[in-house]
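Each chain is listed here by its residues.
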Amino acid sequence: MATKECPSCAMNVDDKSTVCPICGYEFPETNKGFVIVAIILLIISLLYFVF
Ligand SMILES: [Zn+2]
């Protein structure tokens, strides 16, 4: 079974869980890929702006 580590309480919980059953932390899972792409694009555009 796939697990992921909760960033709030550092416990391994089910990868399909959207909320940590131990501390109630909500995993920002749905937009994770989009957020990473957005951050990368932001960094690239900032680098172009600096140069
Ligand atoms: Zn937790």
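Now for a description of the structure that goes with this document. (Residues numbered from 1 in each chain as written. Predicted model: local features only at pLDDT ≥ 70, side-chain atom pairs only at ≥ 80, totals over all residues.)

### Considerations on the overall build of the protein
Of regular secondary structure, the protein possesses one helix and two strands. Overall, the protein shows an N-to-C arrangement of helices and strands of β-β-α. Against the 2.2 N^0.38 benchmark of 10 Å for 51 residues, the protein shows a C-alpha radius of gyration of 15 Å, more extended than a compact globule. Projected onto its principal axes, the C-alpha positions of the protein cover 45 × 20 × 15 Å. When the 51 residues of the protein are sorted by exposure, 0% land in the buried category. For the protein, restricting intrachain contacts to residue pairs at least 6 apart in sequence, the fraction spanning at least 24 positions comes to 0%. (Helix = DSSP H or I, 4+ residues; strand = E, 2+ residues; numbered from the N terminus. Rg over C-alpha atoms; globule rule 2.2 N^0.38 Å. Buried ≥ 20, exposed ≤ 12 C-beta atoms within 10 Å, placed from the backbone. Contact = placed C-beta atoms within 7 Å.)

### Let's talk about the environment of Ile 40
Considering the arrangement of structural elements, one finds Ile 40 in helix 1 (residues 32–50). You can call Ile 40 exposed: it has 10 C-beta atoms within 10 Å.

### Section: the environment of Asp 15
Inspection of the secondary structure assignment puts Asp 15 in the loop between strand 2 (12–14) and helix 1. Residue classification places Asp 15 among the exposed positions, given that 11 C-beta atoms sit within 10 Å. Expressed as a C-alpha distance, the spacing of Asp 15 and Lys 4, which sit 11 residues apart in the sequence, is 5.2 Å. In this structure, Asp 15 is in contact with Ala 2, Thr 3 and Lys 4, ignoring residues within four places of it in sequence.

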